[in-house]
Protein chains: 2
Amino acid sequence: MKLQQLRYLSEIARQQLNLSKAAEALHTSQPGISRQIQLLEQELGVEIFIRNGKRITKITPPGQAILEIARRMLQDADNLRRVGEEFNDKESGSLVIATTHTQARYALPPIIKRFIERYPKIRLTLRQGSPTEISTWVASGEADLAIATEAIELFDELIMLPCYQWNRCIVVPPQHPLLEQEKLTLESLAQYTIITYDFAFTGRSKINQAFESRGLQPNVVLTAIDADVIKTYVEIGLGVGILAQMAFDPVRDKGLRAIDAAHLFEPSTTRIGISRSCYIRSYIYDFIEMFAPHLNTETIKQALVHPQRQEPA
Amino acid sequence: MKLQQLRYLSEIARQQLNLSKAAEALHTSQPGISRQIQLLEQELGVEIFIRNGKRITKITPPGQAILEIARRMLQDADNLRRVGEEFNDKESGSLVIATTHTQARYALPPIIKRFIERYPKIRLTLRQGSPTEISTWVASGEADLAIATEAIELFDELIMLPCYQWNRCIVVPPQHPLLEQEKLTLESLAQYTIITYDFAFTGRSKINQAFESRGLQPNVVLTAIDADVIKTYVEIGLGVGILAQMAFDPVRDKGLRAIDAAHLFEPSTTRIGISRSCYIRSYIYDFIEMFAPHLNTETIKQALVHPQRQEPA
DNA sequence: GCGATTTACGCATTTCGTAAACATC
DNA sequence: GATGTTTACGAAATGCGTAAATCGC
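Just so it is clear, the model here is predicted, and its values are computed rather than measured.

Structural notes on the interface of chain B and chain A
Next, step 1: Taken together, the contact pairs 31 residues of chain B with 30 residues of chain A.
Next, step 2: Between chain B and chain A the total buried area reaches about 2,600 Å² when both faces are included, carbon and sulfur atoms providing 72% of it.
Next, step 3: Linking chain B to chain A there are 2 salt bridges.
Next, step 4: As a salt-bridge pair, R72 of chain A and D76 of chain B come within 2.4 Å of each other at their nearest N and O atoms.

Structure follows, in structure tokens:
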């Protein structure tokens, strides 16, 4: 059994069982891949793929089990290299952060600024996606950290650490009637057309919950995955926006007015997700601590070993 | 990076950093090992061993980290082979049970009888040791299951599943004064010399606790790791024995009398320990269920994924 | 017939074992 | 000098790429 064979196997699965694509992705020849997979199947005494004549159509059940273990081994192989890097030069390496628009645009910039000043030699990558996507990336080792509010998928592989809580605000154009109202209520809000986050993004479920618990049916005319889009449509008078407080900046958003809505919706918790099987280099601990100062190295290590669902601090 | 190199590394560590011994254990040549380790160090860019001239004296900190990951990879390699076996022939394979004397002698025999009737082709091995030893074996993959009462060491690697609870009894020679007593108390018991389990074995700590909570200091004249030794010395009049109820058989132990002591000591829980990173073949699930019927395959899988400390049923 | 996988074959690299040199105790 | 590690070198095995054959849609 060779690590190469496992690499081939993993790539074939990633390429929807297409040997040729896998060969291309790995910069090698198809026959080589074919051969090594056969050897692996022979050694394990199991058919990994179901072949229809010469076409690979499916993974067998044992193949699935093998694939999972193989992927973990490959990740460990990466981890070994990381250990090497870590002790060679603690200042260089790479960090891939998978996150949503809201975090990337409003929460992360100051942290990232500090981080690249502290670690100028580290190649930092931001990868933007939906909560589901970023969970997948971290679980598969394509990214090191997931940062998002809301339903980060609960992979057993992932440890979720609560970072901070935040509340919402309502944004409206200047001279909007809601600005006159003494204390904002859900009922008055429900009288207007609403623009807010797409489901599955940025704590949207808390918004739904709040309305539902009062028996209200909000008239959501547009859902977006980011606050900038929401603000744009509020500005042109399409409706009132509900968004994260941190996404409103009185200076930059001069054409809009914000109303605090902390009392209307449950606060949401932004979490950071790490893979349990990933070797965590010191600068990764540092990054997490910059983002959430209560998460120091020791705390994180504890959480990795005892992965009970982490509650908000 | 080759799996061979990791195998070499792991074996060197196991052989107290003796290359030659490692080579012998792996049926290969010393120079080969030496070379491959150098290549590995070169590839990772890290010194794994500290050398005093040409003698290997210690593992470096990065070496330690590398060793741990390497061991997990090797276990995964074993797991791959197991998956192969599992789907090839679910009836054959091997099962190594690490356990203590008490379990091996009194609790396991009927289970094992059933198991080998059901799976005649499986090579079953019983490996006897102290709770510490058996934990180590399972954590390192040398054994598949640990079965013991009492302080099985709490490796994070190990999941402990409660199987059953049991109580103690007192054994004395016939016509012993304690047999006349209406209801046995710790105070009366403390007046006699006592023979019981060695510390760290078979729930011994519960016995100490009971006496201590009453401020009594039992006069323990002999500690043994198994009930047979205890009974032998009770028989020759050295003292009264405290042992597990299951270890007393009125028929076989004709020369002794037992007195129930369930009210004197906290019941102990016998647990079964499995390694979180071990691929569990179907017959292993079956074995566990034979031993503790409430632990079915689903329950065990749950516990492996959510490894909160399992409480007695 | 086109796309995809397997078989065949020769080259290049790597690995391993023996022998010898070298270092430490 | 004994034990233990590294260096040197030749033989065997293995992996890889090109070319060709085979198969399925």
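Moving on, there is more to tell.
As for the UniProt feature "domain: HTH lysR-type" (unreviewed entry) in chain A
Next, step 1: As annotated in UniProt, the feature "domain: HTH lysR-type" (unreviewed entry) corresponds to residues 1–57 of chain A in the numbering used here.
Next, step 2: Between the C-alpha atoms that bound residues 1–57 of chain A the distance is 24 Å, and the span itself is 60% helix and 12% strand.

Notes on the packing of helix 10 (residues 282–291) of chain A against helix 11 (residues 297–305) of chain A
Residues and elements named next belong to chain A.
Next, step 1: In the contact formed by helix 10 and helix 11, the axes pass within 9 Å of each other and the chain directions differ by 105°. In terms of axis orientation, helix 10 runs roughly perpendicular to helix 11. Between helix 10, through Y285, I288 and E289, and helix 11, the contact on the second element is made entirely by T297, I300, K301 and L304.
Next, step 2: Partitioning the contact of helix 10 with helix 11 into residue classes produces 4 nonpolar, 1 polar and 2 charged.

Quick word on the sheet that holds strand 3 (residues 93–99) of chain A
Hydrogen bonds along the backbone pair up the strands of a sheet, which may run parallel or antiparallel.
Residues and elements named next belong to chain A.
Next, step 1: If you trace the 5 strands from one edge of the open sheet to the other, you get 4-3-5-12-6, paired in mixed fashion. Both outer strands of the open sheet, strand 4 (122–128) and strand 6 (158–166), are each paired with one neighbouring strand and no more. Going across the sheet, the axis of each strand differs from the next one's by a mean of 20°, ignoring polarity.
Next, step 2: Relative to strand 12 (residues 268–275), strand 5 (residues 145–149) runs antiparallel, the two being bridged by 5 bridges. Its bridge partner lying in strand 12, T149 is registered against T270.

Looking at the pairing of strand 4 (residues 122–128) of chain B
Residue and element names in this part refer to chain B.
Next, step 1: In this sheet, strand 4 lies alongside strand 3 (residues 93–99) in parallel orientation, the contact comprising 7 bridges. Looking at the pairing, A98 lines up with R127 of strand 4.
Next, step 2: With helix 5 (residues 101–118) bridging strand 3 and the parallel strand 4, this β-α-β connection has right-handed handedness.

Observations regarding the nonpolar core
Next, step 1: Counting 59 residues, the largest nonpolar core has L9 of chain A together with L9 of chain B as its most contacted members.
Next, step 2: Secondary-structure elements contributing two or more residues to this core are helix 1 (3–14), helix 2 (19–25), helix 3 (30–44) and helix 4 (61–88) of chain A together with helix 1 (3–14), helix 2 (19–25), helix 3 (30–44) and helix 4 (61–88) of chain B.
Next, step 3: Contact partners of L9 of chain A, with chain neighbours within four places excluded, come to I37, L40, I48, F49, I66, L67 and A70 of chain A.

A short note on the pattern of salt bridges
All names here are of chain A.
Next, step 1: On inspection of all chains with the given rule, the structure shows 33 salt bridges over all chains.
Next, step 2: We note a salt bridge from E11 to R14, for which the minimum N-O separation is 3.3 Å. Taken together, the residues span about one helical turn, with E11 and R14 both in helix 1 at a distance of 3 residues.
Next, step 3: Among the residues examined, E11 registers a relative accessible area of 11% and is labelled buried.
Next, step 4: Given a relative accessible area of 40%, R14 falls into the partly exposed group.
Next, step 5: Via salt bridges that share partners, E11, R14, R127 and E142 belong to a single interconnected network.

Brief notes about the packing of aromatic side chains
Residues and elements named next belong to chain A.
Next, step 1: The full count for this structure, using the stated rule, is 12 aromatic pairs over all chains.
Next, step 2: Ring-pair connections join several aromatic residues into one group, and the members of that group are F115, Y119, Y283 and F287.
Next, step 3: One Lys or Arg, K90, reaches over the ring of F87 and ends 4.8 Å from the middle of that ring.
Next, step 4: Sitting over the ring of Y119, R118 keeps its end group 4.1 Å from the ring centre.

What counts, and at which threshold
The numbers attached to residues start from 1 for each chain and follow its sequence in the written order. Chains and ligands are labelled sequentially in the order written, the chains with letters from A and the ligands with numbers from 1. A pLDDT threshold of at least 70 governs which residues receive local features in this predicted model, and a stricter bar of 80 or more applies before side-chain atom pairs are shown or counted, although totals over entire chains, interfaces and linings include all residues. For side-chain calculations, the full set of non-hydrogen atoms in the structure is used, while hydrogens and water are omitted. Contacts: residue pairs with any heavy atoms within 4.5 Å of one another. Each of two parts loses accessible area, computed with a 1.4 Å probe, when they are put together; buried area is these two losses added. Salt bridges, as used here, are contacts in which a Lys or Arg side-chain nitrogen is within 4 Å of a carboxyl oxygen on Asp or Glu. UniProt positions are given in the numbering used here, feature names are shortened, and annotations may be inferred rather than shown by experiment. Secondary structure counts use DSSP, requiring at least four H or I residues in a row for a helix and at least two E residues in a row for a strand, with both numbered from the N terminus. Interaxial angle, 0 to 180 degrees, is taken between N-to-C directions of lines fitted to C-alpha atoms, where a helix line uses only the stretch in contact. Orientation labels follow simple angle bins: below 35 degrees gives roughly parallel, above 145 gives roughly antiparallel, 65 to 115 gives roughly perpendicular, and whatever is left gives oblique. Polarity classes work like this: nonpolar for Ala, Val, Leu, Ile, Met, Phe, Trp, Tyr, Cys and Pro, charged for Asp, Glu, Lys and Arg, and polar for all others, with Gly in that last group. Two strands qualify as a pair provided that DSSP identifies no fewer than 2 bridges between them. Whether a crossover is right-handed comes down to one check: with the strands pointing away from the viewer, does the path from the first strand over the helix to the second run clockwise; if it does, it is right-handed. To form a nonpolar core, buried Ala, Val, Leu, Ile, Met, Phe, Trp, Tyr and Cys residues must be joined to one another through side-chain atoms within 4.5 Å. Relative accessible area decides the class of each residue, using a 1.4 Å probe on protein chains only: under 20% of the type maximum gives buried, over 50% gives exposed, and in between gives partly exposed. Think of it this way: a Phe, Tyr or Trp ring, Trp meaning its six-membered ring, pairs with another when their centres are within 6.5 Å, and the plane angle makes it stacked under 30 degrees, edge-to-face over 60, tilted otherwise. Lysine and arginine charges are scored as sitting over a ring when NZ or CZ, respectively, is within 6 Å of the ring centre and within 35 degrees of the ring normal.

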